[in-house]
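Results of the structural survey
Given next are the chains, with one letter for each unit.
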Amino acid sequence: MLELLSNYPILGAFWMNIQLTLCSAIGALILGTILAIMRVSPSPALRLAGTFYVNTIRNTPLTLIILFCWIVLWGQLGVTVSDNLTTNNFWMAVIGLSVYTAAFVCESLRSGFNTVPPGQAEAARSIGLGFRQTISLVVLPQAFRGAIAPLGNTLIALTKNSTVATAASVFNASSVMQEMIEFSPDKGIAIFMVIALGFVVIVFPMGVLFTHLSKKLAVAR
């Protein structure tokens, strides 16, 4: 195992997975929050658009979405985020991961909306607050508290899904595992143990943290 760590850039590959996760989590949280608001909006058109997005993206393979960003957005339409090829591939993967994960963030937040008593929104409207103010000032803060656990599960899934960035030629844990298997096929068990252990080290603290937060921030009924 130590030989693998010294001969292959395993730590650097996992650091790339962490960067993909962090950047994609920010994008997915922003987009997912907008989608969740659309899905509870009084406007039928916004609700329909939000529902269509979530149902379409959730039923589309992540690999296909990342390949679309890489081949179509960059390769065919010439959309670039950076002049550096490696950096541009990274951001194409981030866009794909964000677009995909946003659908799950939206559903997690919708579950959080369900924990907010209807009387909260009714009270906000009774004092003259509009939909935007009611959502941003009253409902959304409480929804985030109620959605801590499912949001944590979504972040853990995103961490593992970050390996699919290999489809956009982004070097990460999946790439280094393929390289190790190709050049050190006699160390198959050790290779799988190293990669599995790496994800456990990353994911396990997330599970502990979000479990603690969900209990600490739970709204007393």
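Structure: above.
Residues numbered from 1 in each chain as written. Predicted model: local features only at pLDDT ≥ 70, side-chain atom pairs only at ≥ 80, totals over all residues. Heavy atoms only, no water.

**Quick word on the overall build of the protein chain**
We count it as follows: Think of it this way: any DSSP run of H or I at least four residues long counts as a helix, any run of E at least two long counts as a strand, and we number them from the N terminus. Classification of residues uses two cut-offs on accessible area relative to the type maximum, computed with a 1.4 Å probe and protein chains only: under 20% is buried, over 50% is exposed, and between them is partly exposed. Residue contacts are defined here by distance: any two heavy atoms, one from each residue, within 4.5 Å place the two residues in contact. All accessibility values rest on the Shrake-Rupley procedure with a 1.4 Å probe; residue burial counts only the protein chains present in the view. In this tally Asp and Glu are treated as negative and Lys and Arg as positive; neither His nor the chain ends contributes. Charge coordinates come from a single atom per side chain, which is NZ of Lys, CZ of Arg, CG of Asp or CD of Glu.
A tally of regular secondary structure across the protein chain gives 10 helices and zero strands. Its helices and strands taken in sequence order, the protein chain reads α-α-α-α-α-α-α-α-α-α from the N to the C terminus. In terms of overall dimensions, the protein chain has C-alpha extents of about 70 × 45 × 30 Å along its principal axes. Counting all 221 residues of the protein chain, 39% fall into the buried class. If you take every contact in the protein chain between residues at least 6 apart in sequence, the share linking residues at least 24 apart comes to 75%. Working note: accessible area of the protein chain is about 11,900 Å², and carbon and sulfur atoms make up 68% of it. Positive and negative side-chain charges in the protein chain, numbering 12 and 7 respectively, have mean positions lying 25 Å apart.

**Re the nonpolar core**
Using the following cut-off: Here the nonpolar core consists of buried residues drawn from Ala, Val, Leu, Ile, Met, Phe, Trp, Tyr and Cys, with membership extended through side-chain atoms lying within 4.5 Å.
Within the largest apolar cluster, 56 residues are counted, with the highest numbers of intra-cluster contacts made by I10, L20 and M180. Top contributing element to this core by residue count: helix 5 (residues 85–113), with 11 residues. The contact partners of I10, leaving out residues within four places of it in the chain, are L4, L5, V176, M180 and V194.

**A word on the packing of helix 2 (residues 10–39) against helix 7 (residues 131–146)**
The condition is simple: Interaxial angles span 0 to 180 degrees and are taken between N-to-C directions of axes, which are lines fitted to C-alpha atoms, for helices over the stretch in contact. For this classification, under 35 degrees means roughly parallel, over 145 means roughly antiparallel, 65 to 115 means roughly perpendicular, and everything else is oblique. Whether a crossing is left-handed or right-handed is set by the direction in which the near helix is turned from the far one by less than a right angle, anticlockwise for left-handed and clockwise for right-handed. By the convention adopted, Pro, Cys, Tyr, Trp, Phe, Met, Ile, Leu, Val and Ala count as nonpolar, Lys, Arg, Asp and Glu as charged, and the other residues, Gly among them, as polar.
Axis separation between helix 2 and helix 7 bottoms out at 12 Å; the angle between their running directions is 120°. Considering the angle they form, helix 2 stands oblique to helix 7. The chirality of how helix 2 crosses helix 7 is right-handed. For the pair helix 2 and helix 7, contact is made by L29, T33 and I37 and by F131, I135, L140 and F144, respectively. Broken down by class, the residue content of the contact of helix 2 with helix 7 amounts to six nonpolar, one polar and no charged.

**Considering the packing of helix 5 against helix 7**
Two elements in contact, helix 5 and helix 7, have axes whose closest approach is 7 Å; the angle formed by their N-to-C orientations is 105°. One way to sum up the angle between helix 5 and helix 7 is to call them roughly perpendicular. Residue-level contacts link L109, G112 and F113 of helix 5 to V139, L140, A143, F144 and G146 of helix 7. Residues belonging to the contact of helix 5 with helix 7 are distributed by class as follows: six nonpolar, two polar and no charged.

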